[in-house]
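# Architecture and fold: a report
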Amino acid sequence: MSIVELRHLISEHLSHIDDVSFLNALKTIVESKAAKTYQLSDYQKERVSKARKELRNKQSISHEDLHKEIDQWLNTK
């Protein structure tokens, strides 16, 4: 079955479905596949670039180490 035929068949079936919950779920699925490419602002691009540079220069902390530091800090109170 071609893409055009499949789209037509799905469209035909959808026209007979009255379940709003099902249609909303299907809408979410379709929108996730048809989503456009997200465009970053200049500020966001700058922040991503800075974060990548920090990673390259080993100026970051792992999630696990961060939690250890937080736990230590919380236990000092």
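Residues numbered from 1 in each chain as written. Predicted model: local features only at pLDDT ≥ 70, side-chain atom pairs only at ≥ 80, totals over all residues. Heavy atoms only, no water.

### Notes on the overall build of the protein
From N to C terminus, the protein includes 4 helices and 0 strands. Against the 2.2 N^0.38 benchmark of 11 Å for 77 residues, the protein shows a C-alpha radius of gyration of 24 Å, more extended than a compact globule. With the C-alpha coordinates of the protein rotated into their principal frame, the extents come out at 65 × 35 × 25 Å. Here the protein displays about 7,700 Å² of accessible surface, and carbon together with sulfur accounts for 57% of that area. Separation of charge centres in the protein, based on 13 positive and 12 negative side chains, amounts to 11 Å. (Helix = DSSP H or I, 4+ residues; strand = E, 2+ residues; numbered from the N terminus. Rg over C-alpha atoms; globule rule 2.2 N^0.38 Å. Areas by Shrake-Rupley, 256 points an atom, 1.4 Å probe, with all protein chains shown as cover. Lys, Arg positive; Asp, Glu negative; His and termini not counted. Charge placed at Lys NZ, Arg CZ, Asp CG, Glu CD.)

### Brief notes about the confidence of the model for the protein
Regions with low pLDDT should not have their predicted coordinates read in detail. Overall, the predicted model of the protein reaches an average pLDDT of 92, with 97% of residues at or above 70. By mean pLDDT, helix α2 (residues 20-33) is the weakest element of the protein at 92, and helix α3 (residues 42-56) is the strongest at 96. (pLDDT = per-residue confidence, 0-100.)

### A short note on the pattern of salt bridges
Using the criterion set out here, one finds 2 salt bridges in the structure. The salt bridge involving K27 is made with E31; its shortest N-O contact spans 3.2 Å. Of the two residues, K27 and E31 both sit in helix α2, 4 residues apart, roughly one turn of that helix. On the accessibility criterion, K27 (45% relative accessible area) is partly exposed. E64 is the salt-bridge partner of K68, the closest N and O atoms lying 3.5 Å from each other. Placement of both K68 and E64 in helix α4 (residues 63-75) is noted, with a separation of 4 residues, approximately one turn of the helix. With relative accessibility at 44%, the residue K68 sits in the partly exposed group. (Salt bridge = Lys/Arg side-chain N within 4 Å of Asp/Glu carboxyl O. Buried < 20%, exposed > 50% of the residue type's maximum accessible area, 1.4 Å probe, protein only.)

### Digging into a nonpolar patch on the surface
Side chains of M1, L6, L9, I10, L14, F22 and L23 sit close together on the surface and give an oily, nonpolar patch of about 620 Å² of accessible area. For the nonpolar patch, the secondary structure elements donating two or more residues are α1 (3-14) and α2. If you tally residues by element for the nonpolar patch, the top one is α1, at 4 residues. Looking at the secondary structure, you find F22 in helix α2. (Patch = residues over 30% accessible without salt bridge, like charges linked within 9 Å, V, L, I, M, F, W, Y side chains within 5 Å.)

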